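Understanding the architecture of this molecule
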2 protein chains.
Amino acid sequence: MKTANIEKTLHEKGITPTMQRRIIAQTLFSMGKHVGASELYSIVRQKNPGIGFATVYRTLQLLKENGLVEQRDFGDGKKRYERRDETHHDHLVCINCGKVEEFDVPVIERLQEEVAREKGFNMVDHRLELYGYCKKCREEKE
Amino acid sequence: MKTANIEKTLHEKGITPTMQRRIIAQTLFSMGKHVGASELYSIVRQKNPGIGFATVYRTLQLLKENGLVEQRDFGDGKKRYERRDETHHDHLVCINCGKVEEFDVPVIERLQEEVAREKGFNMVDHRLELYGYCKKCREEKE
DNA sequence: CTGGCCATTGATAATGATTCTCATTATTTA
DNA sequence: TAAATAATGAGAATCATTATCAATGGCCAG
Ligand SMILES: [Zn+2]
Ligand SMILES: [Zn+2]
Ligand SMILES: [Zn+2]
Ligand SMILES: [Zn+2]
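Below or above, wherever it landed, is the structure these notes cover. (Residues numbered from 1 in each chain as written. Chains lettered and ligands numbered in written order. Predicted model: local features only at pLDDT ≥ 70, side-chain atom pairs only at ≥ 80, totals over all residues. Heavy atoms only, no water.)

Attention now goes to the overall build of chain A. Looking only at helices and strands, chain A has 6 helices and 6 strands in total. Reading chain A from its N terminus to its C terminus gives the helix and strand order α-α-β-α-α-β-β-β-β-α-β-α. For chain A, the spread of C-alpha atoms along the principal axes amounts to about 45 × 45 × 25 Å. Every one of the 142 residues in chain A was classed for burial, and the buried ones make up 42%. Within chain A, contacts between residues at least 6 apart in sequence are counted, and of these 48% link residues at least 24 apart. Of the accessible surface of chain A, which amounts to about 7,900 Å², a share of 46% is contributed by carbon and sulfur atoms. When the 25 positive and 23 negative side-chain charges of chain A are each reduced to one mean point, those points stand 6 Å apart. (Helix = DSSP H or I, 4+ residues; strand = E, 2+ residues; numbered from the N terminus. Buried < 20%, exposed > 50% of the residue type's maximum accessible area, 1.4 Å probe, protein only. Contact = heavy atoms within 4.5 Å. Areas by Shrake-Rupley, 256 points an atom, 1.4 Å probe, with all protein chains shown as cover. Lys, Arg positive; Asp, Glu negative; His and termini not counted. Charge placed at Lys NZ, Arg CZ, Asp CG, Glu CD.)

What follows is the structure, given as structure tokens:
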């Protein structure tokens, strides 16, 4: 994402644009998907060693609250962050190498809605992750 | 679960039956579903104040490894445990009161398999949780 | 019996990700 | 520009879970 766009995005959301927030957002958006906080922190530090860990967490929280970032949890004890996409997607995770694929199956989404309705719930979120071994890892095990 | 059955179950799995393990397993099985470790610990302590927290964790791990217990994670920072059921199920969680409903939709299960196959993954597990507000919580908010 | 071996246990320290605190700075407001 | 407000960095605190380690308890070879 271009710097100018980050500036604009933060401004649109009413987020005070500070140097730290710019760097953190820009770094996250340039790192691809499913990035952990400590991973992000170490890259951010390379650009500006003065930025603290707490600020990375605070900024991630802020971006999440403003709908710019999605928080994921693949069950390995640390949260992952990715830029919020226009389209929803779920995840397929390799339990050997950590590779993550994304997918979206509208039929599954609809069936989830239906289940929630049947049970009297007003569904506001869901979480669907498939865990297994990717092709590469299977071939290497042979 | 009856005491005799626990004894038998542990024995079948080759788990050395100790007093602690019997009490922990029996307590968990009698507490219903989706129980947290500390919650379990506090009930276990009532039966035998000498049992330590570490033993509760160790036993849960043991029961899980032997397929007697399933570990769940509803994203609130603590793991939940429930006796492993003969049939698979997924969860619907109220984000206000914590109520948990279970469901199983064979079509969703099949579609998951299909996605994994398409992406070249050998799926060994999955996780599907729906989050929302249950009927009761919605009515109370009015 | 009976001393030794090995699994289990309980108390407590350690871990690791995340959050909190608070004194210091930066930004906004008037 | 000065006061008011918000953000930051360093490090302490939290909280669930694991690891450590000395003590305990069976169980078996002799
Ligand atoms: Zn892989
Ligand atoms: Zn993703
Ligand atoms: Zn509810
Ligand atoms: Zn369940």
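A few words on the coordination of the zinc ion (ligand 4). Distances from the zinc ion (ligand 4) to its protein donors, namely H34 of chain B (NE2), E82 of chain B (OE), E82 of chain B (OE), H89 of chain B (NE2), H91 of chain B (NE2) and E102 of chain B (OE), fall within the range 2.0 to 2.5 Å. Because the angles between the 6 donor atoms bound to the zinc ion (ligand 4) fall within 54 to 166°, the donor set is best described as irregular. (Donors = N, O, S within 2.8 Å, 3.2 Å for Na, K, Ca; no water. Tetrahedral: all angles 85-135°; square planar, octahedral: opposite > 155°, others 65-115°.)

The next point concerns the protein's contact with DNA strand C. Around DNA strand C sit 18 residues, and of these Y57 and K79 of chain A together with T18, T55 and R58 of chain B come closest. Per the 4 Å cut-off to the protein, sugar and phosphate atoms form 72% of the nearby atoms of DNA strand C. Of all the secondary-structure elements, those providing two or more residues to the surface near DNA strand C are α4 (53–65) of chain A together with α2 (19–30) and α4 (53–65) of chain B. Of the residues assigned to the surface near DNA strand C, the class counts are 5 nonpolar, 8 polar and 5 charged. (Near = heavy atom within 4 Å. Nonpolar A, V, L, I, M, F, W, Y, C, P; charged D, E, K, R; others polar.)

Judged by pairing direction, the sheet is mixed, and its 6 strands sit side by side in the order β5(A)-β4(A)-β6(A)-β6(B)-β4(B)-β5(B) without closing on themselves. Sheet topology places β5 (100–103) of chain A together with β5 (100–103) of chain B at the edges, where each strand pairs with a single neighbour. Between one strand axis and the next, the sheet turns by 20° as a mean value, whatever way the strands run. Pairing of strand β4 (residues 90–94) of chain A with β5 of chain A, which is carried by 4 bridges, proceeds in the antiparallel orientation. Considered in β5 of chain A, the bridge of L92 of chain A is made with E101 of chain A. Against the sheet, helix α5 (residues 106–118) of chain A makes contact with β4 and β6 (122–133) of chain A together with β4 (90–94), β5 and β6 (122–133) of chain B, and its axis sits at roughly 130° relative to β6 of chain A, the strand it touches most. (Pairing = 2+ DSSP bridges. Axes fitted to C-alpha atoms, helices over the stretch in contact; angles between N-to-C directions.)

Attention shifts here to the packing of α2 of chain B against α4 of chain B. Residue and element names in this part refer to chain B. Contact geometry for α2 and α4: axes closest at 10 Å, N-to-C directions at 70°. For the element pair α2 / α4, the angle class is roughly perpendicular. Side by side, α2 and α4 meet where Q20, R21, I24, A25 and L28 of the first sit next to T55, V56, T59, L60, L62 and L63 of the second. (Parallel < 35°, antiparallel > 145°, perpendicular 65-115°, else oblique.)

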